[in-house]
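These are the residues of each chain, in order.
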Amino acid sequence: MSDVQQLPTRNEVPTEYQWDLTTIFKTDEEFESAFKAVQGEAARVAELKGTLTNAEQLLTGVKAVFSLYRHLERVYVYGSLKNDQDTSNATYQAMNARVSSLDAEVQTATAWFEPEVLQIAKADLDLMIAQNPGLQLYQQFFDELGEQRGHVLSPDQEKLLAGAADIFGASATTFSVLTDADLTFPVVQDDEGNDVQLTEGVYERLIQSVKPEVREGAFKALYRVYSQFRHTLASTLASQVKVHNYSAKVRHYESARQAAMSANHVPATVYESLVRSVNDHLDLLHRYVDLRKQILGLDTMHMWDLYTPITGKPTLKFTYEEAQQKALEALAVLGPDYTHHVQEAFDQSWIDVVENKGKRSGAYSGGMYDTNPFILLNWNQGLESLYTLVHEMGHSMHSYYTRHNQPYVYGDYSIFVAEIASTTNENLLTEHLLATEKDPKVRAYVLNHYLDGFKGTVFRQTQFAEFEDYIHRQDAAGQPLTADNMSDFYGHLNERYYGDGVVSDPQIFDEWDRIPHFYYDYYVYQYATGFAAATTLSGEILTGQAEKVSAYLDYLKAGSSDLPLNVMKRAGVDMTQTGYLDKAFETFENRLNEFETLSQQLK
Ligand SMILES: [Zn+2]
């Protein structure tokens, strides 16, 4: 069987399945004049350098900078969405390249602004804001910026650091060039016995195969290639860690972790309680792994057996129209206003639905303050696609409510809170499907989706976070980061996480060498905290109490008008305490119990 389908060209996609970008600019000509206007505006903002000497001029400066960002984003979004809908279209490739350089131009034109604000003594700045009503809107912005006092260096030193940005990024670039471009993987067999060229993308598919030999073949072939480069990859990762530690040190942070977390205003306790709580609940992961082994009927279970759906190949299918209906039903608990805007997303062409030649893969929610919160999908009719739809809708509704309730300066939200809105929607869908689907096979599939999501997000990302923290601490203590040191730690960490139910395959000791997230600087823990927080929030929403739902909507409306932890606390989850983590593990355990019972029945 061949699954080489001919994809439609962009022109062949019916307009009802395309997003409507004329709501941003009616024509490319309109885009061109907006583009020129941004260039002019950038030049004028650059000239404001050195003028922030009194309240009035500070107001002029801050307004000018935000107005420039706002106009830039509009052209940026148009260029990048046009390119994503068909990356083989030369006109839009060029447009996308141009908006990227315009972005760089704007960054340069505004680079003076924040250091100059931070040079104003705190007492003087507070006085300026108190005396000028126009500046009061920016109070929260100035407060957050002010937290960098003591961590921003002199203008000359900042200039030296900024000029070395490419050099600091070199090892991450080398990692991605090596792994994306230069590494070639062998040919392996897929489910149908066809020879396929292995890539990371193909690996992702094959590791989920229902045939053990296909999974094993892909796993061994992939790691065989990486293992030949483990010393090179240790060197790129170690250099990246040194960059994080160096930057933190010269900016007077205690550690790279403190530097990264304070950028989001998140205290260290959030990270530490996550690691502690996950470790306290590893027995649940071990139970899940044992159950997986039992249901799959394996004598020994290997690391390559952890991604195949336990329930076999999914059979559930939805048309896009049926999925819209399901999404509306599942999200109805969020109230009529929420579903009204979801309906708007469907009716007013916010979503680019189907795949076409050259379209960017995957899914995302995008747009900016003055546009619709567009969604890119590559719809394929399975349950996974329905989950993707409600996930991205969660992001888009978050954006919608924020942009319609906050001024531009607070019209976005931090990464720390972003995944909470999308995961809450996924949880609401899971609850809805479990409440309405009677077919035990479908229920088992839904539960499997949840359990695997939890394993991949809460357990696996925390495992990553522990490794990341270890290598940063080792380097800070002057210990060398060699491939052998890192593999030794990683392999034993992996054994601790998965327990005795899984064979400790030697290849997995090297898994660290292929994970791009380790180059991001304390990013992964937020996937785990976000997933756990969403469990509490969806639980609160499903009580049906009006004040809980409205507290949740207030979070969606808050944008960056307050610190992320304050916003979440008002929504109903205190992320400085461990209660929300306990609650997440309780839900995981309940679903694990239900899955266990169901799988007995399905035998
Ligand atoms: Zn997301």
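Residues numbered from 1 in each chain as written. Predicted model: local features only at pLDDT ≥ 70, side-chain atom pairs only at ≥ 80, totals over all residues. Heavy atoms only, no water.

Draft legend 1. Region of the structure containing the packing of aromatic side chains. Scanning the entire structure with this criterion turns up 44 aromatic pairs. Plain terms: the ring middles of Y523 and Y527 are 5.7 Å apart, the flat faces sit at 70° to each other, and that makes the pair edge-to-face. The exposure class assigned to Y523 is partly exposed, which follows from its relative accessible area of 25%. R98 extends its terminal NZ or CZ atom over the ring of F35, reaching a point 4.4 Å from the ring centre. The residue whose ring lies beneath K455 is Y307, and the NZ or CZ to ring-centre distance is 4.5 Å. (Phe/Tyr/Trp six-rings, centres within 6.5 Å; stacked < 30°, edge-to-face > 60°. Buried < 20%, exposed > 50% of the residue type's maximum accessible area, 1.4 Å probe, protein only. Lys NZ or Arg CZ within 6 Å of the ring centre and 35° of its normal.)

Draft legend 2. The arrangement of the nonpolar core in detail. L198, I351, W512, Y555 and M568 are the most contacted members of the largest nonpolar core, which totals 144 residues. Top contributing element to this core by residue count: helix α21 (residues 440-476), with 15 residues. Setting aside anything within four residues of it in sequence, one finds W512 in contact with R230, L233, A234, L237, F467, A483, M486, S487, Y490 and F518. Within the second largest apolar cluster, 51 residues are counted, among which are W19, A109, I129 and Y410. (Core = buried A, V, L, I, M, F, W, Y, C linked by side-chain atoms within 4.5 Å. Helix = DSSP H or I, 4+ residues; strand = E, 2+ residues; numbered from the N terminus. Contact = heavy atoms within 4.5 Å.)

Draft legend 3. Molecular detail of the coordination of the zinc ion. Coordination sphere of the zinc ion, protein contribution only: H391 (NE2), H395 (NE2), E419 (OE) and E419 (OE), at 2.1 to 2.5 Å. Of note is the zinc ion, whose four donor atoms meet at the metal with angles of 52 to 139° in an arrangement that counts as irregular. In terms of primary sequence, the donors binding the zinc ion are separated according to H-x3-H-x23-E. Placement of the pair is H391 and H395 together in helix α19 (residues 383-405), with a separation of four residues, close to one helical turn. Classification of H391 as buried rests on a relative accessible area of 14%. By relative accessible area, H395 is classed as buried at 9%. (Donors = N, O, S within 2.8 Å, 3.2 Å for Na, K, Ca; no water. Tetrahedral: all angles 85-135°; square planar, octahedral: opposite > 155°, others 65-115°.)

Draft legend 4. Highlighting the environment of K317. Within the secondary structure, K317 is located in the loop between α16 (282-296) and α17 (320-331). Put simply, K317 and Q381 are 64 residues apart on the chain and 5.3 Å apart in space, counted from C-alpha to C-alpha. Ignoring anything within four residues of it in the chain, the contact list for K317 reads E322 and Q381.

Draft legend 5. Molecular detail of the UniProt feature "domain: Oligopeptidase F N-terminal" (unreviewed entry) in the chain. In the numbering used here, UniProt assigns the feature "domain: Oligopeptidase F N-terminal" (unreviewed entry) to residues 116-185. Secondary structure content for residues 116-185 is 74% helix and 0% strand, and the end C-alpha separation is 50 Å. (UniProt positions renumbered as here; feature names shortened; annotations may be inferred.)

Draft legend 6. Molecular detail of unusual backbone geometry. Not every positive phi belongs to a glycine, and S349 is a case in point at roughly 55°. On the secondary structure map, S349 appears in the loop between α18 (336-347) and β3 (351-352). Residues other than glycine seldom take positive phi values, yet Q381 does so here, at roughly 75°. Along the chain, the position of Q381 falls in the loop between β5 (375-376) and α19.

Draft legend 7. Structural context of the packing of helix α20 (residues 415-436) against helix α25 (residues 564-571). The interhelical angle for the contact between α20 and α25, taken along N-to-C directions, is 30°, at an axis separation of 9 Å. In terms of orientation, α20 lies roughly parallel with respect to α25. Relative to α25, α20 is oriented so that their crossing is left-handed. Here F416, V417 and I420 of α20 come into contact with α25, specifically with P564, L565 and M568. Taken together, the residues of the contact of α20 with α25 sort by class into six nonpolar, no polar and no charged. (Axes fitted to C-alpha atoms, helices over the stretch in contact; angles between N-to-C directions. Parallel < 35°, antiparallel > 145°, perpendicular 65-115°, else oblique. Left-handed = near helix turned anticlockwise from the far one by under 90°. Nonpolar A, V, L, I, M, F, W, Y, C, P; charged D, E, K, R; others polar.)

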